[in-house]
Amino acid sequence: MLRCKICGFPRRYSSVFEWQGDGTILASQRLRMPLMFLEVNEWDFIFNELTSKVGSPVEHILIEAQKNVGKTIYEIARGLYMNIDVKRIPSFLKLQFLAKLLIWSVRNYVAAMGAGSIGLVSYKAGESATLSFINPCLIPMVVGNCLGIYECVEEMPGSSAEYKVEGGTLYVRMSHAEESRVSAERLYLEEPSSGEGKLTFEKCRCGVPERISQSFIWNLEAGEIRNKKTGMREGMVAVQSMNAILRELAHELGEEVLDMLYDSQKQYSRQKLESKKAETANHHSFWNEYLSEMGARGFGYPVSFQTTESSVSVEIKSAYNQILYAAKIAGAVEALTDRNSNITWGENEPSYGKYTISAE
């Protein structure tokens, strides 16, 4: 995959990504998909904490909610090859042709998203398929993507997967199932919308904000994105899948699970900021940098943001998820004040949030 000669950002993405003034990143391809850069440790911490609090695994929910993103990736890959009609390819040729072509076409996409290096282990048309991922991360999301692609290739209503990590490699074996364990109506992806906002960036000639291109480094061979400033691993995640995941978690486990996620995200954000106390000394400059960084990552940017020494009032239309975005703000309030906080919601809708967070 070619990269920008100036900043090193993968050209396949810089040519189609749009950093918008409302703090969102929109892929301007035939199938438009909002994306964000998420720290892998952040994802792992939040959902490991949730598993601990719930007392049972939640991976199956994350996997099911991710399938539609995999189906979107499949449609993008198929479009690269003039919308190949899978029905016209005999089953005995799928092993030699379609499976290998599909893996080859999505390999660089998967690697540039930071999800590891994908390979085809085996494929028996109409029976099963096994994929490998060297250097994997965000494993439930990766497995969900695989199942979504597999269901498209095999044109079936449902599938199941067995997966394991051996020697640092993730193996995903997929097979047919009579139907999906979750109805398609529950796992829909929200329609992306273009928003307007006042956030601006200094950009490279390729169109990527310099704060992104100067922070991240890609190792496409390993399928890895690293933050040069923190050394932490990062991944590109579909915004719509995060909302689908939270909807399904609430449906399966009850609305109280959203409070658990809020608390886990707040805890992670507070701990991360408390380790960098010097950067939070000047409240005004801190908030400018904190909000701009979240906007550059695709998390959204407030329409209105008012702050005092011990509270903030936020109005936002573009948050990747209102609950998790608010929790990031709450974690910052607690790090700045060294006190716990409370949130008072005025509005909490998928596309609009309004709330006040105050230190106790």
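Scroll up to find the structure this text is about.
The present account deals with the structure reproduced in this document. (Residues numbered from 1 in each chain as written. Predicted model: local features only at pLDDT ≥ 70, side-chain atom pairs only at ≥ 80, totals over all residues. Heavy atoms only, no water.)

Focus: the nonpolar core
Within the largest apolar cluster, 109 residues are counted, with the highest numbers of intra-cluster contacts made by Phe9, Phe17, Leu249, Tyr325 and Ile329. With near-sequence residues (within four places) excluded, isoleucine 329 lies in contact with Trp287, Tyr290, Leu291, Met294, Phe305, Val312, Val314, Tyr355 and Ile357. (Core = buried A, V, L, I, M, F, W, Y, C linked by side-chain atoms within 4.5 Å. Buried < 20%, exposed > 50% of the residue type's maximum accessible area, 1.4 Å probe, protein only. Contact = heavy atoms within 4.5 Å.)

Looking at unusual backbone geometry
The phi dihedral of asparagine 135 is positive, around 60°, even though this residue is not glycine. Mapped onto the elements, asparagine 135 comes out in the loop between strand E5 (128-134) and helix H5 (139-154). Of note, leucine 138 is a non-glycine position whose phi angle comes to about 45°, a positive value. As for its position among the elements, leucine 138 is in the loop between E5 and H5. In this structure leucine 138 comes out as buried when scored by relative accessible area, which is 9%. (Helix = DSSP H or I, 4+ residues; strand = E, 2+ residues; numbered from the N terminus.)

What to know about the environment of histidine 283
Mapped onto the fold, histidine 283 is located in helix H9 (residues 283-296). In this structure histidine 283 touches Glu309 and Leu336, once residues within four positions along its chain are discounted.

Let's talk about the packing of helix H8 (residues 256-274) against helix H10 (residues 322-337)
Remark: H8 packs on H10, axes separated minimally by 7 Å, with the N-to-C direction vectors making an angle of 40°. Considering their axes alone, H8 and H10 lie oblique with respect to each other. Of the two elements, H8 crosses H10, and the hand of that crossing is right-handed. Judged by residue contacts, Leu258, Leu261, Tyr262, Gln265, Lys266, Ser269, Arg270, Leu273 and Glu274 of H8 engage Ile323, Leu324, Ala326, Ala327, Lys328, Ala330, Gly331, Ala332, Glu334 and Ala335 from H10. Of the residues assigned to the contact of H8 with H10, the class counts are eleven nonpolar, three polar and five charged. (Axes fitted to C-alpha atoms, helices over the stretch in contact; angles between N-to-C directions. Parallel < 35°, antiparallel > 145°, perpendicular 65-115°, else oblique. Left-handed = near helix turned anticlockwise from the far one by under 90°. Nonpolar A, V, L, I, M, F, W, Y, C, P; charged D, E, K, R; others polar.)

Section: the side chain of arginine 270
Looking at where arginine 270 falls in the secondary structure, it is placed in helix H8. The contacts of arginine 270, once residues within four sequence positions are left out, are Gly331, Glu334, Ala335, Asp338, Arg339 and Asn340.

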